[in-house]
Amino acid sequence: VNVACDMCEQWKDDKKPSPDDFSWKPSDSCPITSSAFPVDHWTFKGPLWSAFTPVAKKISEPFAIFANGPGTQTTFLAFRGSQTDDDFIMDAKTELVAYDPPTTSPVDGIQVEHGFYDVFNGLDHGALMGTFSAIAGSGGSLIVTGHSLGSTLATLSVPLARAAGIPGKNILHYNQ
């Protein structure tokens, strides 16, 4: 999650370029995790962007990364939390809307927070499903995590991972 947060900081420092114009270099500014998990020992895929409308104009922001550590078949999907004014606008859209999960659910009438769901729906679901399908096909595992707004994005991504064929026993969902 720290690497995903640093990704957003790099994007903001670079004056919020479009996805095609953003060149991301993975980093981790946290003094605890950066020494325990050096980024040069990991491979990263991303960023994963979301296109959403906070007020009147659709925007795109980088929200997540995929990461693979050394010597493991585990892929991490990490979502950052709210870091921009537009994110906080979405956080404030608290009315509930219907959610229809992509997997069978014993629960009817599920609802989610409108702003968070709009950011989730703005993610490239094709890219998510493509990576999830590759994980499922390889028999690998997935750890999904997020912080703040990213916690909701992580939570809503787990049913997509199941729908792509990753067995439940191969998915760990841990939010911060």
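Predicted, not measured: the structure shown is a model, and the values here were computed from it.

Conventions and cut-offs
Residues numbered from 1 in each chain as written. Predicted model: local features only at pLDDT ≥ 70, side-chain atom pairs only at ≥ 80, totals over all residues. Heavy atoms only, no water. Helix = DSSP H or I, 4+ residues; strand = E, 2+ residues; numbered from the N terminus. Buried < 20%, exposed > 50% of the residue type's maximum accessible area, 1.4 Å probe, protein only. Contact = heavy atoms within 4.5 Å. Patch = residues over 30% accessible without salt bridge, like charges linked within 9 Å, V, L, I, M, F, W, Y side chains within 5 Å. Areas by Shrake-Rupley, 256 points an atom, 1.4 Å probe, with all protein chains shown as cover. Salt bridge = Lys/Arg side-chain N within 4 Å of Asp/Glu carboxyl O. Lys, Arg positive; Asp, Glu negative; His and termini not counted. Charge placed at Lys NZ, Arg CZ, Asp CG, Glu CD. Axes fitted to C-alpha atoms, helices over the stretch in contact; angles between N-to-C directions. Parallel < 35°, antiparallel > 145°, perpendicular 65-115°, else oblique. Left-handed = near helix turned anticlockwise from the far one by under 90°. Polar contact = N/O pair within 3.5 Å; in protein donor to acceptor, adjacent residues only side chain to side chain. Pairing = 2+ DSSP bridges. Core = buried A, V, L, I, M, F, W, Y, C linked by side-chain atoms within 4.5 Å. Phe/Tyr/Trp six-rings, centres within 6.5 Å; stacked < 30°, edge-to-face > 60°. Lys NZ or Arg CZ within 6 Å of the ring centre and 35° of its normal.

Draft legend 1. Inspection of the side chain of Thr 74 at higher detail. Its place among the elements puts Thr 74 in strand 3 (residues 74-79). The class of Thr 74 is buried, set by a relative accessible area of 16%. Setting aside residues up to four positions removed in sequence, Thr 74 forms contacts with Ala 67, Asn 68, Gly 69, Ser 141 and Ile 143.

Draft legend 2. Layout of a negative patch on the surface. On the surface, Asp 13, Asp 14, Asp 20 and Asp 21 cluster together into a patch of negative charge. Note on placement: Asp 14 falls in the loop between helix 1 (2-13) and helix 2 (33-36).

Draft legend 3. View of the packing of helix 5 (residues 125-138) against helix 6 (residues 149-163). Where helix 5 contacts helix 6, the two axes come as close as 9 Å, and the packing angle between them is 50 degrees. Here helix 5 lies oblique to helix 6, going by the angle between them. Classified by chirality, the crossing of helix 6 by helix 5 is right-handed. Touching His 125, Leu 128, Met 129 and Phe 132 of helix 5 are Ser 157, Leu 160, Ala 161 and Ala 163, all from helix 6.

Draft legend 4. Main features of the side chain of Ser 157. Mapping Ser 157 onto the fold places it in helix 6. A relative accessible area of 0% places Ser 157 in the buried class. For Ser 157, the side chain forms a polar contact with the main-chain oxygen of Leu 153, separated by 2.8 Å.

Draft legend 5. Highlighting the sheet that holds strand 7 (residues 171-175). Read from one edge of the open sheet, five strands run 1-2-3-6-7, paired in mixed fashion. Two strands in the sheet have a free side with no partner beyond their single neighbour: strand 1 (43-52) and strand 7. In this sheet, adjacent strand axes meet at a mean angle of 20 degrees when their direction is disregarded. Bridging between strand 2 (residues 59-68) and strand 3 involves five bridges; their strand directions are antiparallel. Within the sheet, the bridge partner assigned to Asn 68 lies in strand 3 and is Thr 75.

Draft legend 6. Region of the structure containing the nonpolar core. One finds Leu 77, Phe 79, Leu 128, Phe 132 and Leu 142 to be the most contacted residues of the largest nonpolar core, which totals 31 residues. Among the elements of the structure, strand 1, strand 2, strand 3, helix 4 (114-121), helix 5, strand 6 (141-146) and helix 6 are those that each provide at least two residues to this core. With seven residues, helix 6 is the single largest residue contributor to this core. Ignoring sequence-local partners within four residues, the contact set of Phe 132 consists of Phe 66, Leu 77, Leu 142, Ser 157, Leu 160, Ala 161, Ala 164 and Ile 166.

Draft legend 7. Region of the structure containing the packing of aromatic side chains. Under the definition given, this model contains nine aromatic pairs. Aromatic side chains Phe 66 and Phe 132 sit 6.2 Å apart centroid to centroid with 80 degrees between the ring planes, which places their arrangement in the edge-to-face category. Of this pair, Phe 66 sits in strand 2 while Phe 132 sits in helix 5; the two residues are 66 residues apart in sequence, bridging distant segments of the chain. Exposure remark for Phe 66: the relative accessible area of 5% places this residue in the buried category. With relative accessibility at 0%, the residue Phe 132 sits in the buried group. Here the aromatic residues Trp 11, Phe 22 and Trp 49 are joined through ring pairs into a cluster of three or more. Cation over ring: Lys 45 sits above Phe 66, and NZ or CZ is 5.9 Å from the ring centre. Across the ring face of Phe 63, the terminal group of Arg 80 is positioned such that the distance to the ring centre comes to 3.9 Å.

Draft legend 8. Just helix 4, in detail. Every buried residue belonging to helix 4 is among Gly 115, Phe 116, Tyr 117, Val 119 and Phe 120, and all of these are buried. Sitting at the head of helix 4, Glu 113 places a side-chain oxygen 3.0 Å from the backbone nitrogen of Gly 115.

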